[in-house]
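Per-entry structural report
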Amino acid sequence: MKKILFSTLLFSQFVFGRGISPDDNIYWMKIPAKNSYERTEISNTGAVIESVTAEYVTVLAKESEKAELDKLGKTEVSFLMTAEMMDFPNNDQQFHNYNELFTAMNDLANKHASILKLDILGKSANGQDIHVMSITGAQNRTIEQDVPAIFFVGTHHAREHLSTEVPLKLAQYLAEEYEKKNERIMNLVDGRVIYIAPLLNPDGSEYDISTGSYKMWRKNRKKNSDGSYGVDLNRNYGFKWGLEGASSSPSSDTYRGTGPFSEPETQAVKNFVESHANITSMLSFHTFSKLVLYPWGFTHNPIEKDLDRQVFETMGRKMASLNGYTPQTGADLYLVSGEMNDWAYGDRGIFGFTFELDPASMWEGGFYPGQKMIEPVFKKNLEPCLYMIDLADNPYRSVQSQAQQLGLNSAMF
Ligand SMILES: [Zn+2]
């Protein structure tokens, strides 16, 4: 939703009291300007003129540009823009910005209070809350730590907005189908704890849409020592950190950070996983390329433990057969270090996968395939997600023989 109403501006200013980030403040300004000469004087400050009337212009101005404009002595109205005012381009309004996502999760928690709780995973570099939903049968709440769990994480990378929508839709689907008494979903939700954090990188994601047109931003919005911004959160995890496939240069899009887990976003994942020993499985959503990835990412060598490698390969193949993607190790794509699933498995023994969602290529929309993709991409990834939830009690079940598995499944359901 686009809302540039004064009451909304004032309200959100009052409630949130902050800009996108202290170093990146953007002001909405109304300045009288009656002709091209006066408008040029305004645009010469570097501020972006958003709208023009016969009497005035509205502009978006950075801190320094606002100072220049104020010197002209004509400013009629100016407001510090808050994250809430910044939104997706008009033709992509079905995507959820930070506040719309929070509202959607909050609605779910209110509507399905018996099975869905909304909590805070941690804080972003700019101090925004990172949210996590937990979904499980009401009878499990007092023994949650003893119930097998899976953790879904969306949007490490800011511009990969589809990777926020898919996990959000998964939460909505599970909650709604449970209420409809869909037997399969009831069994899964009653037998597992399903943690879903749709947006790990709220600062970067908001920055990417902060001007109404996409910025192709990938990293978080930490200010680096050289004045550049951002750490690649999926190169910042503390297992084999700092090896190949992660840059030591702060301005690089794959900057690994100053040390393992230097970023509050990855620290939040670490703390959450370490304090929830019931998590056996993780799935990280990214875009794009239509791939199912699993460790290792940091080396071309295969996983040392035969049985574990078989589990990864079997689950990877099965999920790829369900969503039509290609299964492979991360390193098969290119070497990366400090990636989430290498850490999850290498440090915690958790079976962690990455889905590189649709589309297949830049030519089909790349990071910005449009809102028409939200529903079909969710639908094709639903079965792989349910498959992982099912196996979260014991991922090794994936490699047991068909007969054994049938026996186990019929005993469970
Ligand atoms: Zn990514």
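Calculation rules
- Residues numbered from 1 in each chain as written.
- Predicted model: local features only at pLDDT ≥ 70, side-chain atom pairs only at ≥ 80, totals over all residues.
- Helix = DSSP H or I, 4+ residues; strand = E, 2+ residues; numbered from the N terminus.
- Buried ≥ 20, exposed ≤ 12 C-beta atoms within 10 Å, placed from the backbone.
- Contact = placed C-beta atoms within 7 Å.
- Pairing = 2+ DSSP bridges.
- Axes fitted to C-alpha atoms, helices over the stretch in contact; angles between N-to-C directions.

Let's talk about the overall build of the protein chain
When you go through the protein chain residue by residue, the secondary structure sums to 13 helices and 12 strands. Per-residue burial over the protein chain gives 46% buried out of 413 residues. For the protein chain, long-range pairs separated by at least 24 residues make up 73% of all intrachain contacts whose partners lie at least 6 apart in sequence.

Here's the deal with the pairing of strand E7 (residues 149-154)
Here E7 lies mainly inside the structure; 6 of its 6 residues are buried. Side chains of E7 alternate between two faces, with Ala149, Phe151 and Val153 and Ile150, Phe152 and Gly154 buried alike. Two elements, E7 and strand E8 (residues 193-197), share 5 bridges in a ladder whose sense is parallel. Following the sheet pairing, Phe151 is matched in E8 by Tyr195. Inspection of the sheet shows E7 paired to strand E9 (residues 279-287) by 6 bridges, in the parallel sense. When the sheet's bridge partners are listed, Val153 is paired in E9 with Ser284.

A closer look at unusual backbone geometry
As a rule of thumb, non-glycine residues mostly have phi less than zero, and peptide bonds are mostly trans rather than cis. Residues Thr287 and Phe288 are joined by a peptide bond in cis, for which omega reads 0°. Here Phe288 is to be found in the loop between E9 and strand E10 (291-294). Asp358 connects to Pro359 through a cis peptide bond whose omega is -5°. Within the element layout of this structure, Pro359 appears in the loop between strand E12 (351-357) and helix H12 (374-391).

Brief notes about the environment of Val269
Note that Val269 resides in helix H8 (residues 264-274). Among the residues examined, Val269 registers 28 C-beta atoms within 10 Å and is labelled buried. Put simply, Val269 and Tyr237 are 32 residues apart on the chain and 9.3 Å apart in space, counted from C-alpha to C-alpha. Here Val269 is in contact with Val153 and Leu200, once residues within four sequence places are set aside.

With respect to the pairing of strand E6 (residues 129-135)
By the criterion of burial, E6 is predominantly enclosed, with 6 of the 7 residues buried. Note: strand E5 (residues 116-123) against E6, 7 bridges, orientation antiparallel. Counted as the bridge partner of Gly122 is Ile130 from E6. Bridging between E6 and E8 involves 3 bridges; their strand directions are antiparallel. Among the inter-strand pairings, Ser134 is bridged to a residue of E8, identified as Tyr195.

Quick look at the sheet that holds E12
A sheet is described by the order of its strands in space; here 8 strands give the open sequence E5-E6-E8-E7-E9-E12-E10-E11, paired in mixed fashion. This sheet does not close on itself; its edge strands, each paired only once, are E5 and strand E11 (326-329). Ignoring strand direction, the axes of neighbouring strands in this sheet form an average angle of 20°. Sheet analysis places E10 next to E12, joined by 3 bridges and oriented antiparallel. What sits directly across from Leu293, in E12, is Thr354. The sheet contacts of H8 involve E5, E6, E7 and E9, and relative to E5 the element is tilted by about 130°.

Taken by themselves, the reported measurements are silent on function.
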